[in-house]
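Inside the fold
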Amino acid sequence: MSKTTAEITLQKAVEKIGRYLGVDRCFLYIRQPDQQRGRTAFQWRRNETIPDTIQPDWQPDTTHLPKEDPLIRAGLDMQPTVYVDDVDKAGPDVLNRDFEQRTFGHRALIHAHVQADGQLWGILQPCVFGQPRQWSPNERAYIERQLPGLVKPIQAFVSE
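These numbers were taken from a predicted model, which means no experiment stands behind them.

**A word on the overall build of the protein**
From N to C terminus, the protein includes 6 helices and 6 strands. The N-to-C order of helical and strand elements in the protein reads α-β-β-β-α-α-β-α-β-β-α-α. A compact globule built from 160 residues would reach a C-alpha radius of gyration of about 15 Å, and the protein, at 14 Å, matches this within 12%. Along the first, second and third principal axes, the C-alpha set of the protein runs to 40 × 35 × 30 Å. Here the protein, with 160 residues, has 51% of them falling under the buried criterion. For the protein, the share of sequence-separated contacts (at least 6 apart) that also reach a separation of at least 24 residues comes to 60%. When the accessible surface of the protein is split by element, carbon and sulfur atoms take 48% of a total near 7900 Å². Distance between charge centroids for the protein: 3 Å, based on 20 positive and 21 negative side chains.

Criteria and thresholds
Residues numbered from 1 in each chain as written. Predicted model: local features only at pLDDT ≥ 70, side-chain atom pairs only at ≥ 80, totals over all residues. Heavy atoms only, no water. Helix = DSSP H or I, 4+ residues; strand = E, 2+ residues; numbered from the N terminus. Rg over C-alpha atoms; globule rule 2.2 N^0.38 Å. Buried < 20%, exposed > 50% of the residue type's maximum accessible area, 1.4 Å probe, protein only. Contact = heavy atoms within 4.5 Å. Areas by Shrake-Rupley, 256 points an atom, 1.4 Å probe, with all protein chains shown as cover. Lys, Arg positive; Asp, Glu negative; His and termini not counted. Charge placed at Lys NZ, Arg CZ, Asp CG, Glu CD.

Below, the structure written as structure tokens:
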């Protein structure tokens, strides 16, 4: 799979997932595990008023970020996907409320870990602004079915 094919595949997947869930934004943070860095490379937004999260440059993600963000720490620790119905009510063991509000501004989110071979390759993050959202068992199952299909395109994208 070429980088271009991987880019098209990943962008289409992010859009498909965002539309299926009916969220405000869905983005994909991709990682180069061997270099311990990542960036938000793909996103879909319901409209242009939703904040843009794209990061053009790779950034270290295993230094200060895991100390500030329990969600990224969960991904790096190979924990399962985290479903947050309400950022305002989630405990500090789940997320850093100040960090979430300052960095992302969403109210409900899914922090889905794309994992393979004992490494975190990406984080898929569908989210909703302005109100809580309870993620249904069907939505949770849908997300879990999508994650394995993201591994190869992410690996192709970061290998170039």
